[in-house]
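Listed below are the residues making up each chain.
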Amino acid sequence: MGKLTQLLFADKSESITEPRDGIPHVWVDVCGILGQRYLLIQGWAFHPAYESVNFRLVSMVGDAGDNEKAAANSVLYTLRTTRLDVNKQFGFQGAVRRWGYSLLLECPEGVEIDHTQLRLSVEAGRDRKLAELKPFEPLAGGALFGHCATWNAEEKQKLFNLLRTVMGSKVYEIEGFPHMQEGQLRAHVNWHWDNVLAVPGRGVFLAGWLLDGQKELASMVLRSSDGCYSSELLDRSVRYARQDVLDAFPGTAPADYKAGLYAWIPMPHLMERSALEIVMLTKQGAVTILPLQQRIVREDITLASQQILVNFNVRARDYQKVMREHVGPALAALWENRQSLLGEPEVEVVQFGAPIEAPKRSVIVPLYGRYDFLLHQVAQFTSDKDFAETELIYVLDDPRLYEAFMPFCHDTAALFPVSFKVVYAGRNLGYAGANNLGARYATSDQLVLLNSDIIPSEGGWLSRIEHKATDLESVGVVAPKLVYDDGTIQHLGMSFSRSAEYGQLWLNEHPGKGKPEWLVSPETVEEAPAVTGACMFISKALYESVGGLDETYVLGDFEDSDLCLKLRKAGYRHYVLGDEKLYHLERQSQNLFENHDWKFKITLYNAWQHTERWGALIEELVA
Amino acid sequence: MTDHKILIVSHGHPDHSKGGAEVAAYNLFKEYERQGLDTVFLARTDQPSHGGSAFSTINSEREILFHTHMSDFFLFQSGNKKHVWQDFRGLLERYQPTVVHFHHYIHMGLELIREVKNTLPNARIVLTLHEYLAICANNGQMVKPGKQMKLCYKSAPTDCARCFPERSAADFFLREKYIKSIFDLVDVFVSPSHFLIDRYKAWGIPETKMVMIENGQPKVEAPLPRPLAEGEERGRFAFFGQINPFKGVDVLLEAFKLLPEEIKKKVHLDIHGANLEGQTEDFQGKIRGLLDELGDLVTLHGPYESNEIGRLMEQTDWVVIPSVWWENSPMVIQEAFNHKRPLIASDIGGMEEKIAHLENGVHFRSRSANALAYQVKNAVLEEDWSALVKSINRPLSISECAGAHLKLYS
């Protein structure tokens, strides 16, 4: 609408003195009522002496009645358009001028308008020309665009945009738009939808391609069977190159035409059973309405997430905008919908071995993907006296494993004298959700969040770390040094760095990662802006005071730094103990920044959320 | 006389399979019985049991078969953990051994060791190490997978992961940590070779926990030297053992192919080898091809019973052990010594340790058919056979071996 407004002139009705002949001809083609609220007057005014003129209605009777009221309403929009036929009629040879006009006025409520009592006044300088009106009649689509054959396409688009601005989605319901069959439309415009993912109550993710090399379309929207319209798709979809489409339809579009299209289309009133239609309107005023077969996304969102992300180009200039307007809201909608469908989990808690009475601490270990880590940890914990006073909680966060896992726990508990309990929600809660669930079932007031792929280097680490933490000031989270299997550093506290590659997002960093210890000479105690969630010591009260780990990050990333920053904002500090060492067998697959697959894109989505939330605090911390 | 109750656990019963470890374990058991000690022999079997029970007996009620298996050869996980925490536990509770001597954990699961500690925390746990199973995931051979079968000198998670691309260094790290957590429960490790002790020491087992005890041999009357015909040389060579790629039979046959024609007339090779039919087709083809080429020079006899060993040794001048892996203390070396026959052996690992070059045997550069051919020729033409035989000491007897073990049990 930006350009359009520059071309619209407000009607300033100043007193006109002497009529001269600078405006020799004015003609009214159409007088219509639109949606019982607007008057649309179209025609042409020939005024070669003036660059621009003003339009207004004037009353011929001055009776302070209905017609007076109508005349008092100023013209809302004036659109000037190309009328080559007028040029021809008057033999005008000059530069490109727009003699046509479309005037939009608001129709006062309950007003009876008599066109004979009103005139259109066209004014410029000291010139003024009055033109007679035609009877105002409800305007049909055909008439709207019917007389404007010589308008250029941009002007027709402006008229349509104008109508939509004032009428909203009612514009599509103006009677009398000529309907165009799909086949006719495909002679000019082609398209295919690969995915139409509907999230009831939230919106639709549409992906496919649209080939409109000649810019025939004025509008494309979705509508539901109950009459809810989406916003305009043509100018707010993400477009990207689809060479295969251009190859399949040679010569129909410029070489740099971006046929690929995807968009998150908010439709908060979308009901689960609503049928969807796509409405396409050409610049000639022809409408094509086609049913759209959507797939409703429910609890299982993996495939849908992949489909949303597949064409998301994180290298594109506008990727943050795409993230903010399409990918981010689409992913959020999937997750929120999933959460609300699943409701509160039915939690199962199984104690293996004798319960620990009044434990000194609760160690929470989420398990996802593989569970043999439990055996490896328990085999190590067996020789550690601390575990006689430790509540060990495994949160099974992977329903695929359940059937094999429970007997495995039974056997492991029968053979290894370490008590543990298993908490299972019946579904995948994500890393944050699993830890939060574990914390809910913790009975001690000290929490240790531990990854399953962490193996201690020696026994007694729990009590030693707790002891060392007692003297620290405003303690938030305490974490040990973590090393890889070859002894090189995996974690010595986290920091943040801006990604030059990905639009200055803040990314989490593990300074010193991969270096042999002597190259980093860790301090015994060191403060860090954040520490890893792989091994975190935190009081349960503190953990709960900030609501635990944030569950809106997808697939486990950034929750740990998010927690640290929440605490940091509340005045707590985080420490790394350089003289306590545990092994962290961080899986290679977690190194997501190595490739550009969908998981990597999810990480980027998380990074974006994290940056939106914490960018300012991070800037202070790492300055 | 002791009041110990000794449970000997073996991964097999010699009535079913005649591996060196099974035989050594069983010999020890029989010797303890002979000495009147309270002992039980528990041997794993892959045969089905009556009614699906975990146990059955064989020979006597003191020889118990354990019908169990392993599901995971990477971490030596029992394939039926209930067998461990119910049946094996029940046996421990009932019998209350003061010593549990494992001759292996393979095919049963490392959990057995854990279970002894759970149920009988004061029982002494002894583990005899027969291979490098804990160190090396390639069947404990410390030989790298692949056609070349390169010798491996040291394990490390990143190196091991290169041998097994489907596994990560982290997997090997966890494997080592897990096995060591179980090995921590063992009071004494017995090894029949110093070489194996050195490898386990390098891997992290404290040297003080490891003792070298050679496998005991039955007392036999050593056969006389093979009588020679007029002008005949000491040219009867023999191989005893499994025919598989690690045992170097192919090297041995290649060496015989390389012998000069005039030597070939003076020698013969007997292969007393089992299990060729269980090998890959490639390997079988290679061996059969070599056998065909060698014709009458070599006789393939197939497997032998242990009571036949004396008669077979009697017809032998030289025993060849051409293994291409390290070995530990192969049975054939002690058997050869027990029958006063000198050996020609690969110059690596347990073979190098047990056989003194030019004293009671001869070394050749392992894996080299040329080097072996040279030593075979030398053996026929040059070597002072009688002098070598004279230097062979009587090996440790079974009762001496049992005596050494009993010292460890207290």
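Parameters at a glance
Residues numbered from 1 in each chain as written. Chains lettered and ligands numbered in written order. Predicted model: local features only at pLDDT ≥ 70, side-chain atom pairs only at ≥ 80, totals over all residues. Heavy atoms only, no water. Helix = DSSP H or I, 4+ residues; strand = E, 2+ residues; numbered from the N terminus. Rg over C-alpha atoms; globule rule 2.2 N^0.38 Å. Buried < 20%, exposed > 50% of the residue type's maximum accessible area, 1.4 Å probe, protein only. Contact = heavy atoms within 4.5 Å. Areas by Shrake-Rupley, 256 points an atom, 1.4 Å probe, with all protein chains shown as cover. Lys, Arg positive; Asp, Glu negative; His and termini not counted. Charge placed at Lys NZ, Arg CZ, Asp CG, Glu CD. Buried area = accessible area lost by both parts, 1.4 Å probe. Salt bridge = Lys/Arg side-chain N within 4 Å of Asp/Glu carboxyl O. Polar contact = N/O pair within 3.5 Å; in protein donor to acceptor, adjacent residues only side chain to side chain. Expected span 1.5 Å × (residues − 1). Core = buried A, V, L, I, M, F, W, Y, C linked by side-chain atoms within 4.5 Å. UniProt positions renumbered as here; feature names shortened; annotations may be inferred.

**Q** Give a description of the overall build of chain A that names residues and reports values.
**A** Looking only at helices and strands, one finds 17 helices and 29 strands in chain A. For chain A, whose C-alpha radius of gyration is 34 Å, the value lies well above the compact-globule estimate of 25 Å for 623 residues. Every one of the 623 residues in chain A was classed for burial, and the buried ones make up 54%. Nonlocal contacts in chain A, meaning residues at least 24 apart in sequence, comprise 76% of its contacts between residues at least 6 apart. If you sum the accessible surface of chain A, you get close to 27,400 Å²; carbon and sulfur atoms cover 49% of it. In chain A, which carries 61 positive and 81 negative side-chain charges, the distance between the mean positions of the two groups comes to 6 Å.

**Q** Now, about the interface of chain B and chain A: what can you tell me, with residues and values included?
**A** One widely used convention gives an interface's size as the accessible area the parts lose upon coming together. Each partner contributes residues to the interface: chain B has 23 residues there, and chain A has 20 residues. Both sides of the chain B and chain A interface together cover about 1,800 Å² of buried area, and 67% of this is carbon and sulfur. Along the contact surface separating chain B from chain A lie one salt bridge. D171(B) serves as the salt-bridge partner of R370(A), at 3.4 Å between the closest nitrogen and oxygen. For the pair chain B and chain A, the interface holds six residue pairs in polar contact (both at pLDDT 80 or more). Listed by contribution, the elements that provide at least two residues to the side of chain B that touches chain A are α2 (81-95), α3 (111-119) and α5 (169-183) of chain B.

**Q** Tell me about the pattern of salt bridges, and name the residues and values.
**A** Residue and element names in this part refer to chain A. By the definition in use, this model includes 58 salt bridges over all chains. One salt bridge connects E325 with K321, and the closest N-O pair in it is separated by 3.6 Å. Residue E325 and its partner K321 are both found in helix α9 (residues 319-342); the two are separated by four residues, about one turn of the helix. Residue class for E325 comes out partly exposed when judged on its relative accessible area of 29%. Among the residues examined, K321 registers a relative accessible area of 46% and is labelled partly exposed. When the shortest N-O distance is used, the salt bridge between E391 and K421 registers 2.9 Å. Remark: K421 occurs in strand β20 (residues 420-424) and E391 occurs in strand β19 (residues 390-396); sequence separation between them is 30 residues. You can call E391 buried: its relative accessible area is 7%. Looking at K421, the relative accessible area reads 11%, which means it is buried. Ionic contacts of the salt-bridge type, sharing partners, join the residues R464, K468, D579 and E580 into one network.

**Q** Can you lay out helix α11 (residues 402-415) of chain A for me, pointing to particular residues and giving the numbers?
**A** An α-helical turn contains 3.6 residues, so a residue and the one three or four places further along point in the same direction. Here α11(A) contains 14 residues, and its C-alpha end-to-end distance of 20 Å stays within 8% of the 20 Å for a straight helix at 1.5 Å per residue. The set of residues buried in α11(A) consists of F405(A), M406(A), F408(A), C409(A), D411(A), T412(A), A414(A) and L415(A).

**Q** Give me the lowdown on the nonpolar core, citing residues and values where you can.
**A** Formed by 160 residues in total, the largest nonpolar core has its most connected members in F183(B), Y200(B) and F237(B). Per-element tally for this core: the top contributor is helix α13 (residues 369-381) of chain B, with seven residues. Discounting residues that sit within four places of it in the chain, F183(B) has contacts with Y105(B), L110(B), L127(B), L129(B), A134(B), F189(B), Y200(B), W203(B), I205(B) and K209(B). A304(A), A330(A), I618(A) and L174(B) belong to the second-largest nonpolar core, a separate cluster that totals 80 residues.

**Q** Tell me about the UniProt feature "domain: Glycosyl transferase family" (unreviewed entry) in chain B, and name the residues and values.
**A** Per the UniProt record, "domain: Glycosyl transferase family" (unreviewed entry) is annotated on residues 228-383 of chain B. Taken end to end, residues 228-383 of chain B comprises 39% helix and 19% strand; its first and last C-alpha atoms sit 16 Å apart.

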